[in-house]
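# A look at the structure
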Amino acid sequence: MKHIINVLVENKPGVLARISGLFSARGFNIESLAVGETENPDTSRMTLVVEGDDRILEQVTKQLHKLIDVIKVADFVGEKPITRELLLVKVSLTKGTKPQILQIVNSFPEARIADVGEKTITIEIVGEEDRIKTILDLLRPLGLKTLSRTGRIALPRGSK
Amino acid sequence: MAKMIGAKILVESLIREKVEVIFGISGGAILPVFDVLYDAPIRFILTRHEQGAAHMADGYARATGRVGVCMATSGPGATNLTTGIATAHMDSIPIVAITGQVPTYLVGNDAFQEADVTGITRPITKHNFLVKDVKDLARTVKEAFHIASTGRPGPVLIDLPKDVQIKETEAEFPREVEIRGYKPTYFGHPGQIKKAVQMISKATRPVIYAGGGVIISGASKELIQLVEKTSIPVATTLMALGAFPENSPLSLGMLGMHGTEYANYAIMDCDLIIAIGARFDDRVTGSLDKFAPEAKIIHIDIDPSAIAKNVQVDIPIVGDVKNVLRELNKIVKKPAISGWLKQIGEWKKNHPLTYKRNGKLKPQYVVEKIYEVTKGEAIIATEVGQNQMWAAQYYQYTKPRTFLSSGGLGTMGYGFPASIGAKVGCPDRMVFDIAGDGSFQMNIQELATCVHNKIPVKVAIMNNGYLGLVRQWQELFYKKRYSAVSLAGNPDFVKVAEAYGAVGIKVEKEEEVVPALKKAISIDKPVVLDFLIEPEENVFPMVPAGAPLTEMLRGLA
Ligand SMILES: Cc1ncc(C[n+]2csc(CCOP(=O)(O)OP(=O)(O)O)c2C)c(N)n1
Ligand SMILES: [Mg+2]
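Since we're looking at a predicted model, the values are computed, not measured.

### Some thoughts on the overall build of chain A
Along its length, chain A carries 4 helices and 9 strands. Taken from N to C terminus, the helices and strands of chain A fall in the order β-α-β-β-α-β-β-α-β-β-α-β-β. By the burial criterion, 42% of the 160 residues in chain A qualify as buried. Sequence-distant contacts, at least 24 apart, represent 73% of the contacts inside chain A between residues at least 6 apart. Across chain A, the 24 positively charged side chains and the 21 negatively charged ones have centroids separated by 3 Å.

### Examining the sheet that holds strand β1 (residues 2–10) of chain A
Strand pairing within a sheet occurs via backbone hydrogen bonds; the two strands may be parallel or antiparallel. Residue and element names in this part refer to chain A. As summarised here, the arrangement of the 4 strands in space is β2-β3-β1-β4, forming an open sheet in which the pairing is antiparallel. Strands with a single pairing partner mark the edges of an open sheet, and in this sheet they are β2 (30–37) and β4 (70–75). Averaged over all adjacent pairs, the angle separating strand axes in this sheet is 15°, with direction ignored.

### Details of the sheet that holds strand β12 (residues 272–276) of chain B
Residues and elements named next belong to chain B. Pairing within the open sheet is parallel, and its 6 strands lie in the order β11-β10-β9-β12-β13-β14. Bordering the open sheet on either side are β11 (251–254) and β14 (315–318), each of which pairs with just one other strand. Across the sheet, the mean angle from the axis of one strand to that of its neighbour is 15°, orientation sign disregarded. Direction of pairing for strand β9 (residues 206–210) relative to strand β10 (residues 234–236): parallel, over a ladder of 3 bridges. When the bridges of β10 are listed, Ala-210 appears paired with Thr-236. Packed onto the sheet, helix α8 (residues 190–202) meets β12, β13 (296–301) and β14 and runs at close to 135° relative to β14. Of the strands in this sheet, β9, β10 and β12 touch helix α10 (residues 220–230), which is tilted by about 175° from β9.

### Quick notes on the side chain of Glu-10 of chain A
Take Glu-10 of chain A: it is sitting in strand β1. Residue classification places Glu-10 of chain A among the buried residues on the basis of a relative accessible area of 12%. In this structure the side chain of Glu-10 of chain A is engaged in a polar contact, spanning 2.8 Å, whose partner is the side chain of Arg-180 of chain B.

### Focus on the interface of chain A and chain B
Taken together, the contact between chain A and chain B spans 18 residues of the former and 18 residues of the latter. Interface area, chain A with chain B, both sides summed: about 1,500 Å², of which 46% is carbon and sulfur. On the chain A side of the contact with chain B, Arg-18, Arg-55 and Ile-68 of chain A bury the most area, a combined 44% of that side's loss. Put simply, chain A and chain B have 2 salt bridges between them. Linking Lys-66 of chain A and Asp-303 of chain B is a salt bridge whose minimum nitrogen-to-oxygen distance equals 2.7 Å. Our count for the contact surface shared by chain A and chain B stands at 8 residue pairs in polar contact (both at pLDDT 80 or more). Elements with a minimum of two residues in the side of chain A that touches chain B: α1 (15–24), α2 (54–66) and β4 of chain A. Counting residues per element, the side of chain A that touches chain B draws most heavily on α2 of chain A, which supplies 6 residues.

### Considering the domain arrangement of chain B
Residue and element names in this part refer to chain B. Parsing chain B into structural domains produces domain 1 (3–167), domain 2 (190–350) and domain 3 (363–532). Each of domain 1 and domain 3 was reduced to a C-alpha centroid, and the two centroids are 29 Å apart. Taking both partners together, domain 1 and domain 3 bury about 2,000 Å²; carbon and sulfur atoms supply 63% of that area. Connecting domain 1 to domain 3 are 0 salt bridges. Elements that contribute at least two residues to the side of domain 1 that touches domain 3 include exactly β2 (21–24), β3 (43–46), α3 (50–64) and α4 (76–90). Among the elements that make up the side of domain 1 that touches domain 3, the one with the highest residue count is α3 (11 residues). In terms of residue class, the side of domain 1 that touches domain 3 is built from 10 nonpolar, 10 polar and 5 charged.

### Looking at the environment of Leu-529 of chain B
Mapping Leu-529 of chain B onto the fold places it in strand β20 (residues 527–532). Once residues within four sequence positions are removed from consideration, Leu-529 of chain B is found in contact with Phe-432, Val-459, Ala-460, Ile-461, Ile-505, Ala-516, Leu-517 and Ala-520 of chain B.

### A closer look at the packing of aromatic side chains
Residue and element names in this part refer to chain B. All chains considered together, the criterion is met by 15 aromatic pairs over all chains. With a centroid separation of 4.9 Å and 75° between ring planes, the pair formed by Tyr-209 and Phe-280 is classed as edge-to-face. Residue Tyr-209 is found in strand β9, and its partner Phe-280 is found in the loop between β12 and α12 (282–285); the two are separated by 71 residues along the sequence. Accessibility expressed as a relative area gives 1% for Tyr-209, which makes it buried. Overall, the relative accessible area of 2% leaves Phe-280 in the buried class. Between Tyr-397 and Phe-403, the aromatic rings sit 4.9 Å apart at their centres with planes inclined by 65°, giving edge-to-face as the arrangement.

### Here we look at the coordination of the magnesium ion (ligand 2)
Six octahedral donors around a metal ideally make angles of 90 or 180 degrees; four tetrahedral donors ideally make 109.5 degrees. Residue and element names in this part refer to chain B. Coordination of the magnesium ion (ligand 2) by the protein comes from Asp-437 (OD), Asn-464 (OD1) and Tyr-466 (O), over a distance range of 2.1 Å. Between the donor residues of the magnesium ion (ligand 2), the gaps in sequence give the motif D-x26-N-x1-Y. Taken as a pair, Asp-437 in helix α18 (residues 437–440) and Tyr-466 in the loop between β18 (458–463) and α20 (468–477) lie far apart in primary sequence, 29 residues in all. By relative accessible area, Asp-437 is classed as buried at 1%. Residue classification places Tyr-466 among the buried positions, given a relative accessible area of 16%.

Here is what the cut-offs are and how they apply
- Residues numbered from 1 in each chain as written.
- Chains lettered and ligands numbered in written order.
- Predicted model: local features only at pLDDT ≥ 70, side-chain atom pairs only at ≥ 80, totals over all residues.
- Heavy atoms only, no water.
- Helix = DSSP H or I, 4+ residues; strand = E, 2+ residues; numbered from the N terminus.
- Buried < 20%, exposed > 50% of the residue type's maximum accessible area, 1.4 Å probe, protein only.
- Contact = heavy atoms within 4.5 Å.
- Lys, Arg positive; Asp, Glu negative; His and termini not counted.
- Charge placed at Lys NZ, Arg CZ, Asp CG, Glu CD.
- Pairing = 2+ DSSP bridges.
- Axes fitted to C-alpha atoms, helices over the stretch in contact; angles between N-to-C directions.
- Polar contact = N/O pair within 3.5 Å; in protein donor to acceptor, adjacent residues only side chain to side chain.
- Buried area = accessible area lost by both parts, 1.4 Å probe.
- Salt bridge = Lys/Arg side-chain N within 4 Å of Asp/Glu carboxyl O.
- Domains from an automatic or database assignment.
- Nonpolar A, V, L, I, M, F, W, Y, C, P; charged D, E, K, R; others polar.
- Phe/Tyr/Trp six-rings, centres within 6.5 Å; stacked < 30°, edge-to-face > 60°.
- Donors = N, O, S within 2.8 Å, 3.2 Å for Na, K, Ca; no water.

Here it is, written out as structure tokens:
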């Protein structure tokens, strides 16, 4: 099962290596990892998306807790947190494809044009996973050339 | 406030932590610290290899319960420490390792004798620090000792660049530490403890499975009380030898791969396991699928990640073992288990731990005599291999912190330096290293350390001319194809001892054993006893790796 795990950590060098080390030592691939400072510059929040056996992931979560630089761990398993990811996508631009590309961008509030060049157009997409997937599926046949994504970030819903 | 250089702040901090001894070797990147140590009130024991220093700090910590300290220079000094650090990590032993590092402006430049020591030791320490600002140093040392010695203990490393060692600052020594991400749970949940009491009262075939956590937590007294109140028999792991007196009728001795038959029968047949400070290691459980099929499990441990790691647990209790047992003992009720105890008595009678005497020198006999001659009062360190298992099986441990062995990592070369560290920490105790001829040679150079520093440990080599445990596996599972296990080329250990200025005694016959041991004890010097034992003696019982615990191989015809 896919897990979204938020880890609140001390904003210090080496912390990222400690955390990724726990996953790599078990042969887990981290699907995405996003890190940034929080409301408090002393701390960073990391959002990890990992796929793996539930029991082993529970074990890894406990071991994350054990790291001295980890302040809090939340595995959003069984919950639907608010998630967002930012993508930059370069799509080839030809006379024929231009109207189609614009139509896709205009029909999804998640998508926006970030840059237009002679041969490519760069689209920025911010949204939840399934919407992003829909947009990418539409863009792909039009000549999707380069894709860069930040990885998901997540926060719980409501006042939690 | 006085201005001090980093090296001085470090040493001052160590004094404040009541460090009485440091084991280690100097070098270019840690010279400023050694200059301050020159007139500091801390004993420095110069070892002959940094691995020895780390194991000495570890042996000191295991024997005394205090934090052991070792020190090395950057690069090769630090990498030589790593086996010792990993050994301490696997067995949750509190040590603080201090390493010199190249100056901060060279870090990452492949400078001379540079190694990424915090990177290398990240997975084998409980925590580590690279101190880049001298202002952080005093607090870092305080935190290092706190982290090493509390919660589930473990090694902590401080990497200290040379320029930080000579940088001056106003020294401020904190009294308290506050680490927001580090708050171990010390007290068990009262509701869980109540549930455990109920489960215990209903059990008909309960067993206590005690692990090294009992010793680390200092909870032997509480464990004995629990047994006095409930009459539940106790099996211990290798790491817990001495946590419960083995001369008690309710002791089952050690369980697991080379455990007693009755301990393994009891754990496999029981309806309740009370696991205390143990982690269901594969050497203990054998095949997990077939492990204790009818047992419910209560698991007490300070480390939540140790609970439910390998087995499903019915009642987890996170907390310090000593505190949890205290609370449990207040309300625990005795279960009705006379039938079970009778059954265990029969197993004990019918399947005792024995070996065959045939006039040749048997290692089991030697260990029994070490027990008798020392009246069970010695601290025993072991190497790794058959020697370790015989030391575990044939010496009766009755007190905690008397059996020092690398259980988790299984490090050959551990025992001798560990015995030196133990003797430094407990100078009034008799200290033996029960050794193998292979393992001893992995840190034999520390003979110089103990002779020069007058640390009179006794090394009892079970000299079989083989990497014996590996030979045993090859005999049993690889059709006796002995591949690279002969130690032909061994030195004459008596001469080696003498060359270092220690005393060497060779023993070839049973009747020489006791006189040789008595002589060794009477000499106030390091003594190497070279016991030429039967070369192909095996360790039994033995559960083959991955088999269920009931499938024990027995050696006796
Ligand atoms: C550093 C290290 N290398 C290799 C091993 C694998 N190993 C385990 S036991 C053993 C043989 C030990 O030989 P010896 O010290 O003579 O003890 P014996 O089994 O003969 O009593 C070996 C090689 C190990 N445990 N540690
Ligand atoms: Mg040997």
